[in-house]
Amino acid sequence: MTTLTNEDKISIINQHKRNIEYSKYGYQVSLIAENAVSSPKQDAIDAINEQIADMNSKIAALDAEIASLQ
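Residues numbered from 1 in each chain as written. Predicted model: local features only at pLDDT ≥ 70, side-chain atom pairs only at ≥ 80, totals over all residues. Heavy atoms only, no water.

1. Some points on the nonpolar core
Here is the rule: The criterion is simple. A nonpolar core is a set of buried Ala, Val, Leu, Ile, Met, Phe, Trp, Tyr and Cys residues joined through side-chain atoms within 4.5 Å. Remark: exposure states derive from per-residue accessible area (1.4 Å probe, protein chains only) relative to the maximum for the residue type, with buried under 20%, exposed over 50%, and partly exposed in between. Numbered from the N terminus, helices here are DSSP runs of H or I no shorter than four residues, and strands are runs of E no shorter than two. Throughout, a residue-residue contact means that at least one pair of heavy atoms, one from each residue, lies within 4.5 Å.
Ile10, Ile13, Ile20, Met55, Ile59, Leu62, Ile66 and Leu69 form the largest nonpolar core, which has eight residues in total. Elements with a minimum of two residues in this core: α1 (6–36) and α2 (42–69). For this core, the leading source of residues is α2, giving five residues. Beyond its immediate chain neighbours, meaning those up to four positions away, Met55 contacts Ile20, Ser23, Lys24 and Tyr27.

Structural data, given as structure tokens:
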């Protein structure tokens, strides 16, 4: 049985972060689109902003994990 090195773990975390960043950008694009309509729905804007905040929290948690492995 092999164990993962810290470098391996950091690489996996960075891949996961990249996926989250893609999702976050998707939400940012959705926010642009929602704000572009003549009558943006505030509940949709609030939900998108909440998703972006969640993505930021996940990225911060993964950054903390990376820092603990270095």
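2. Here we look at a negative patch on the surface
Spelled out, the test is: Here the term patch refers to residues with relative accessible area over 30% and no salt bridge, with like charges joined within 9 Å and nonpolar side chains (Val, Leu, Ile, Met, Phe, Trp, Tyr) within 5 Å. Residue burial considers only the protein chains on display, and all accessible areas are found by Shrake-Rupley using a 1.4 Å probe. One side-chain nitrogen of Lys or Arg within 4 Å of one carboxyl oxygen of Asp or Glu is enough to make a salt bridge. Think of it this way: Lys and Arg go in the positive column, Asp and Glu in the negative one, and His and the chain ends go nowhere. For the purpose of locating charges, the reference atoms are NZ of Lys, CZ of Arg, CG of Asp and CD of Glu.
On the surface, Asp43, Asp46, Glu50 and Asp54 cluster together into a negatively charged patch. Mapping Asp46 onto the fold places it in helix α2. For Asp46, a relative accessible area of 43% translates into the label partly exposed.

3. Comments concerning the environment of Gln15
Relative to the helices and strands, Gln15 resides in helix α1. A relative accessible area of 51% places Gln15 in the exposed class. Sequence separation between Gln15 and Ile48 is 33 residues; the distance between their C-alpha atoms is 23 Å.

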